[in-house]
Amino acid sequence: KNQVEQSPQSLIILEGKNCTLQCNYTVSPFSNLRWYKQDTGRGPVSLTIMTFSENTKSNGRYTATLDADTKQSSLHITASQLSDSASYICVVHNAGNNRKLIWGLGTSLGVNP
Amino acid sequence: DAGVIQSPRHEVTEMGQEVTLRCKPISGHDYLFWYRQTMMRGLELLIYFNNNVPIDDSGMPEDRFSAKMPNASFSTLKIQPSEPRDSAVYFCASSFGGGAVGELFFGEGSRLTVL
């Protein structure tokens, strides 16, 4: 079954600290993996899109990694800011017949001063 | 561009009433998606259109749900009759080139509460 699992479910860190969010998937065949940031009460916003051949991709203080062999991805946030408080959602595109995006349930990150 | 525009932002209605949610995609985008988000199930794709034509509606929960896209700049999602279990946030998203490679741009969502 095509699934995307994220951990931890929630996380609280102090401002200025780093953190890493995890994503494991069983989606096959794989096309690409995306990370979205969703602020409370807003729609998701794309952070990165990674294809099979990409191991790492950065967007400012956000760095995503992908290991297609183990079907794992991580999102590393450096020097966290209060504005990083949001839900981070991992999404995998299924390149199979249905060609759908498989969404994780997200990790809720809280950054405290 | 103003981005994807959804209305209403909030809707509270009673069971049995008709609900219509509206979406204006980003100009030039050829794909439009309707999603539903709940705490338990996350984001679920309901239906998507390509060039105003419905391509996959397998995510529409039941016949009470219907969606239309009469032109490239407007789409509606209708629930008739509504039920309390329909309470969720409904998102519209658009992209250029489809979900495979195209980046999805989401609206701010319509929060629906059915009493």
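Residues numbered from 1 in each chain as written. Chains lettered and ligands numbered in written order. Predicted model: local features only at pLDDT ≥ 70, side-chain atom pairs only at ≥ 80, totals over all residues. Heavy atoms only, no water.

## What about unusual backbone geometry?
And then number 1: Residues A:Ser28 and A:Pro29 are joined by a peptide bond in cis, for which omega reads -5 degrees.
And then number 2: Mapping A:Pro29 onto the fold places it in the loop between β3 (19-25) and β4 (30-38).
And then number 3: At the junction of B:Ser7 and B:Pro8, the peptide bond is cis and its omega measures out at -10 degrees in the coordinates.
And then number 4: Mapped onto the secondary structure, B:Pro8 falls in the loop between β1 (5-7) and β2 (10-13).
And then number 5: You will see that A:Lys71, though not glycine, has its phi angle at about 60 degrees, which is positive.
And then number 6: By the element assignment, A:Lys71 lies in the loop between β7 (62-67) and β8 (72-77).
And then number 7: On the accessibility criterion, A:Lys71 (29% relative accessible area) is partly exposed. (Helix = DSSP H or I, 4+ residues; strand = E, 2+ residues; numbered from the N terminus. Buried < 20%, exposed > 50% of the residue type's maximum accessible area, 1.4 Å probe, protein only.)

## Re the pattern of salt bridges
And then number 1: Following the criterion strictly, the structure yields 13 salt bridges over all chains and no others.
And then number 2: The residue A:Lys57 makes a salt bridge to A:Glu54 at a minimum N-O spacing of 3.5 Å.
And then number 3: Overall, the relative accessible area of 32% leaves A:Lys57 in the partly exposed class.
And then number 4: Residue A:Glu54 is classed as partly exposed on the basis of its relative accessible area of 25%.
And then number 5: The residue A:Arg61 makes a salt bridge to A:Asp84 at a minimum N-O spacing of 2.8 Å. Residue A:Arg61 is found in the loop between β6 (56-59) and β7, and its partner A:Asp84 is found in the loop between β8 and β9 (86-94); the two are separated by 23 residues along the sequence.
And then number 6: Take A:Arg61: its relative accessible area is 24%, and that puts it in the partly exposed class.
And then number 7: Each member of the salt-bridge network shares a partner with another, and the members are B:Glu62, B:Arg64, B:Glu83, B:Arg85 and B:Asp86. (Salt bridge = Lys/Arg side-chain N within 4 Å of Asp/Glu carboxyl O.)

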